Amino acid sequence: MELQSSLNLQIANWNILYTKLHRYHWYVKGPSFFTLHAKFEELYNEAGLIIDEMAERLLAIGGQPVATLKEYLETASLVETNGESKANDMVAALVKDYKQVKDELKELAKLADEKEDVITNDLAVGLIEKIETHVWMLTAYLGE
């Protein structure tokens, strides 16, 4: 995969996550409502910033970011929500998605390193660190 395609994959995936996190934020119920409602909002706000940062980086290196819902769905490796209604199912789906995004960020970091693009590499590595923290915390929430 080329660097620009890898960036577009990230843009598409983060848009899927952004939408999924909004849905979870709105539909979470039960004893963990207050905790997860706030956490999902924090995560979708973060996703929105990441989308913008990725798109601006792609534009800076001469690429064209995907920018429609159709393109996000066609480009993303993540899938839309399966209609999860239980809090633990929502969190488990996020853990899976974040792990997949992390693996793909490692590929982006490698491609950027090969192209001597230290800015994109730094962006990818920084996000890997954030995602590892999210996976740890969400997994701990699940008691795993």
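A brief report on the enclosed structure follows. (Residues numbered from 1 in each chain as written. Predicted model: local features only at pLDDT ≥ 70, side-chain atom pairs only at ≥ 80, totals over all residues. Heavy atoms only, no water.)

## Concerning a negative patch on the surface
A contiguous patch of negative charge on the surface is contributed by Glu 107, Asp 113, Glu 114 and Glu 116. With respect to the helices and strands, Glu 116 occurs in the loop between α4 (87–114) and α5 (118–141). (Patch = residues over 30% accessible without salt bridge, like charges linked within 9 Å, V, L, I, M, F, W, Y side chains within 5 Å. Areas by Shrake-Rupley, 256 points an atom, 1.4 Å probe, with all protein chains shown as cover. Salt bridge = Lys/Arg side-chain N within 4 Å of Asp/Glu carboxyl O. Lys, Arg positive; Asp, Glu negative; His and termini not counted. Charge placed at Lys NZ, Arg CZ, Asp CG, Glu CD. Helix = DSSP H or I, 4+ residues; strand = E, 2+ residues; numbered from the N terminus.)

## Notes on the packing of helix α1 (residues 3–27) against helix α2 (residues 33–60)
Between α1 and α2, the shortest axis-to-axis distance is 8 Å and the interhelical angle comes to 160°. As judged from the angle between their axes, α1 and α2 are roughly antiparallel. Judged by the sense of rotation from one axis to the other, the crossing of α1 with α2 is left-handed. Residue-level contacts link Gln 4, Leu 7, Asn 8, Gln 10, Ile 11, Trp 14, Asn 15, Tyr 18, Leu 21, His 22, Tyr 24 and His 25 of α1 to His 37, Phe 40, Glu 41, Leu 43, Tyr 44, Ala 47, Gly 48, Ile 50, Ile 51, Met 54, Ala 55 and Leu 58 of α2. (Axes fitted to C-alpha atoms, helices over the stretch in contact; angles between N-to-C directions. Parallel < 35°, antiparallel > 145°, perpendicular 65-115°, else oblique. Left-handed = near helix turned anticlockwise from the far one by under 90°. Contact = heavy atoms within 4.5 Å.)

## Quick look at the packing of α4 against α5
Running from N to C, α4 and α5 point in directions that differ by 160°, and their axes come no closer than 8 Å. The angle between α4 and α5 places the two elements in the roughly antiparallel class. The handedness of the crossing between α4 and α5 comes out as left-handed. Per-class residue counts for the contact of α4 with α5 are 18 nonpolar, five polar and five charged. (Nonpolar A, V, L, I, M, F, W, Y, C, P; charged D, E, K, R; others polar.)

## Focus: unusual backbone geometry
Even without glycine at this site, Glu 116 takes up a positive phi of about 60°. Overall, Glu 116 belongs to the exposed group, its relative accessible area being 71%. (Buried < 20%, exposed > 50% of the residue type's maximum accessible area, 1.4 Å probe, protein only.)

## Here's the deal with the pattern of salt bridges
Under the defined criterion, the tally for this structure stands at five salt bridges. The residue Lys 102 makes a salt bridge to Glu 132 at a minimum N-O spacing of 3.6 Å. In this pair, Lys 102 sits in helix α4 while Glu 132 sits in helix α5, placing the two residues 30 residues apart along the sequence. We classify Glu 132 as partly exposed; its relative accessible area is 39%.

## Here we look at the side chain of Asn 8
Mapped onto the elements, Asn 8 comes out in helix α1. According to the relative accessible area criterion, Asn 8 is buried, its value standing at 12%.

## Notes on the packing of aromatic side chains
Taken as a whole and judged by the stated rule, the model has four aromatic pairs. When the ring of Tyr 24 is compared with that of Phe 40, the centres are 5.7 Å apart and the planes differ by 50°; the resulting orientation is tilted. Highlighted residues: Tyr 24 in helix α1 and Phe 40 in helix α2, separated in sequence by 16 residues. With relative accessibility at 0%, the residue Tyr 24 sits in the buried group. Overall, Phe 40 belongs to the buried group, its relative accessible area being 0%. One cation-aromatic arrangement involves Arg 23 over Tyr 27; the distance from NZ or CZ to the ring centre is 4.6 Å. (Phe/Tyr/Trp six-rings, centres within 6.5 Å; stacked < 30°, edge-to-face > 60°. Lys NZ or Arg CZ within 6 Å of the ring centre and 35° of its normal.)

## Quick notes on the environment of Leu 94
Along the chain, Leu 94 turns up in helix α4. For Leu 94, a relative accessible area of 0% gives the class buried. Sequence separation between Leu 94 and Tyr 24 is 70 residues; the distance between their C-alpha atoms is 9.9 Å.

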